[in-house]
Amino acid sequence: METSALLTRAWSLLSIIIIVASSISLAKASDPPTKEIIKGFSAKHDDSYSQFQPLLSDPTGIFSLGFLKINSTLLDLAVLHLPSSLTLWRAMPSNPAPWTGSLSLSFNGSLLLSDPKSGTVLWSTDSNPGDRVLLLNSSNLQIQKTGNPNSLVWQSFDFPTDTIVENQNFTSYAKLFSPNQQFFMSLGTNYFSLYMEFGQGRSSPMYFKHTALEAKAEITQGGGPIYARVEPDGFLGLYQKEGPPADVVAFDSFNLGLHVFRRMTLENDGNFRAYYWNNSAWILDYTTVQDPCELPTTCGPYGICRAGEQPECTCLVNGTDGCKETSSGDLCRSDGNNGDGYSVVRRQGIDLANKDLLGFTKMGSLEECEGICEKNCSCWGAIYSNTTGYCYTMDYPIETVVEGDDSKYGYFKVIVQGGDGKKETGRMDKARMALLVVGSGILAVAGGFGAYRIWERRRREKGEGENGLAPGPYKDLASASFRSIELSAHSFRKQGP
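Remember, predicted model here, so these are calculated numbers, not experimental data.

About the criteria used
- Residues numbered from 1 in each chain as written.
- Predicted model: local features only at pLDDT ≥ 70, side-chain atom pairs only at ≥ 80, totals over all residues.
- Heavy atoms only, no water.
- Helix = DSSP H or I, 4+ residues; strand = E, 2+ residues; numbered from the N terminus.
- Buried < 20%, exposed > 50% of the residue type's maximum accessible area, 1.4 Å probe, protein only.
- Contact = heavy atoms within 4.5 Å.
- Areas by Shrake-Rupley, 256 points an atom, 1.4 Å probe, with all protein chains shown as cover.
- Pairing = 2+ DSSP bridges.
- Disulfide = S-S within 2.5 Å.
- Salt bridge = Lys/Arg side-chain N within 4 Å of Asp/Glu carboxyl O.
- Phe/Tyr/Trp six-rings, centres within 6.5 Å; stacked < 30°, edge-to-face > 60°.
- Polar contact = N/O pair within 3.5 Å; in protein donor to acceptor, adjacent residues only side chain to side chain.

S.K.: An account of the overall build of the chain is requested, with residue identities and associated values reported.
M.R.: Helices and strands together make up the secondary structure of the chain, namely 4 helices and 34 strands. Going through the 497 residues of the chain one by one, you find that 40% of them count as buried. Counted over contacts in the chain with a minimum sequence separation of 6, partners at least 24 positions apart contribute 49%. Accessible area of the chain: about 27200 Å², with a carbon and sulfur share of 53%.

S.K.: Describe the sheet that holds strand β28 (residues 342-348), naming the residues involved and giving the relevant values.
M.R.: The strand order across the open sheet formed by 5 strands is β28-β34-β31-β32-β30, and the pairing between neighbours is antiparallel. Looking along the sheet, the strands with just one partner apiece sit at the ends: β28 and β30 (361-362). Examined bridge by bridge, β28 and strand β34 (residues 408-415) share 7 bridges and lie antiparallel to one another. For Arg346, the partnering residue across the bridge sits in β34 and is Tyr411.

S.K.: Give a description of the state of the cysteines that names residues and reports values.
M.R.: If you walk through the whole model with that rule in mind, you get 6 disulfides. There is a disulfide in this structure between Cys369 and Cys391, and the S-S distance comes to 2.1 Å. Residues Cys369 and Cys391 share a disulfide whose torsion about the S-S bond is about 75 degrees; that sign makes it right-handed. Placement of the pair is Cys369 in helix α2 (residues 366-375) and Cys391 in strand β32 (residues 390-394), with a sequence separation of 22 residues.

S.K.: I'd love a proper account of the pattern of salt bridges, names of residues and values included.
M.R.: A complete count under the given rule lists 14 salt bridges for this structure. One salt bridge connects Asp76 with Arg90, and the closest N-O pair in it is separated by 2.8 Å. Placement of the pair is Asp76 in strand β5 (residues 74-81) and Arg90 in strand β6 (residues 86-90), with a sequence separation of 14 residues. For Glu312, the salt bridge identified is with Arg306, shortest N-O distance 3.3 Å.

S.K.: Go over the packing of aromatic side chains, please, and point to the residues and values.
M.R.: Using the criterion set out here, one finds 19 aromatic pairs in the structure. Aromatic pair Phe63 and Phe261: ring centres 5.4 Å apart, planes at 55 degrees, arrangement tilted. With a gap of 198 residues between them, Phe63 in strand β4 (residues 63-70) and Phe261 in strand β23 (residues 261-266) connect regions that are remote in the sequence. According to the relative accessible area criterion, Phe261 is buried, its value standing at 15%. Ring geometry for Trp89 against Trp154: centres 6.2 Å apart, planes inclined by 70 degrees, an arrangement best described as edge-to-face.

S.K.: Before we move on, could you go through α2 and cite the residues and values that matter?
M.R.: Those residues of α2 lying buried are Leu366, Cys369, Glu370, Gly371 and Cys373. Summarising the contacts, the buried residues of α2 are in contact with β28, β31 (381-385), β32 and β34.

S.K.: Please provide a residue-by-residue account of the pairing of strand β26 (residues 303-306), values included.
M.R.: The pairing of β26 with strand β27 (residues 312-315) spans 4 bridges and is classified as antiparallel. Within β27, the residue paired with Cys305 across the bridge is Cys313. From the end of β26 to the start of β27, which pair antiparallel, there are 5 residues.

S.K.: Tell me about the side chain of Gln240, residues and numbers included.
M.R.: In this fold, Gln240 is placed in the loop between β21 (235-239) and β22 (247-250). Here Gln240 falls in the buried class, since its relative accessible area comes to 14%. In terms of polar contacts, Gln240 uses its side chain to reach the backbone carbonyl oxygen of Thr220, at 2.9 Å. At a separation of 2.8 Å, a polar atom in the side chain of Gln240 contacts the main-chain carbonyl oxygen of Gly224. In this structure Gln240 touches Glu218, Ile219, Thr220, Gly223, Gly224, Pro225, Ile226 and Tyr227, once residues within four positions along its chain are discounted.

S.K.: Just give me the short version of the sheet that holds strand β12 (residues 141-145), but keep the residues and values in it.
M.R.: Here we have 4 strands laid out as an open sheet, ordered β1-β11-β12-β13, and antiparallel in their pairing. Of all strands in the sheet, those bounded by a partner on one side alone are β1 (37-38) and β13 (151-155). By the bridge criterion, 4 bridges tie β12 to β13 in an arrangement that is antiparallel. By the bridge assignment for β13, Ile143 is matched with Trp154.

Now the structure itself:
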């Protein structure tokens, strides 16, 4: 009986412990994030959260700052639009931290994301000291210094990642990068433009440009840099100073009187799109690049885009899955050195979608245009126009190639070895094996033909030629046939890529 009573008490105690632990866990999961961060704040990352660990909320509860899981294994400090779980801002978009790391966010005048175990600082606002951190109902994260009045020390609106929201000033000192870091958007003196981003010290070619019309206000030289802002009325305005905009990029919902939350995002395909939230979904409101063939991602590296309702893609160079991938390698040396360097592809009837945004040089011939690219170790290709003599060189991996008229000629370098070294080496080995087999076959044919000529000579010496083929005409036929083969091979070499 005593044993039974002890077991009963043990089970009761265990049940109480389980209930209390569950209550603590539920309380922790349901604890609302704070509305204000003050000096001395510190929060550790808890990887038991499946996707997002909230730390700070705006007054409406629509936006939240917290630890966000990126691609299942990584972590970043982010501001989310909670109804849609959409990320509006990130602290480290190009270099997120491991999700399972021992990270913490602290505030002692500046926000600091660090790894206490290693003492590594991953990110900081690096600003003058403030007194508190707030997340406004605009999604703007601010560090303020309290006083009369309060003063702004730092704000996330000055450091956008891939998105700008309504009433956020996007300045010429900032850039928007797509989440995959392959494209960016920035402002010029009187325009905004989209660029490809290749990294590794390569140039960033422009593939779209919108110049201000200056219908309502002029942009004056020396009047200061321009800035852009998504307006509640449904347009992107370009300004040099407050007042009427120098340009209006109208959305589909322009002047419809909608009271909605708006944003513009540079997306992974390289397009810059506007959306508004209708309380249940994001509605597409504007697309900057209307022609898919003007986007580098439509057909990708070494792809050729044919415009139409549904654009079609073909390849300049085939790869293992679609067109050849862009790789690094030697652009100074052709492939005559044990397969190193590059091979050349030539194609007539192609053009560049973004050629009007690139510089050109007037040349006297196609050969001269090709020669300039051939001698330039940073040149990936060139397009030559027979009608204008313009030569457009590409100092970036081959993108935005489209179909053109027959007056346009393309010259493209294709890396033989480099980033795809093993794959390319395998292809070269197969090519060498094929050449070896063909060469062996030619030698065998030549040997057989020589043996036949010796046998024929012996027949003639024995007087057997009268009953066989006439020696004279056969000689001529043989000579003509082999010359035709030789000319055909020469012609093929001339016409090859």
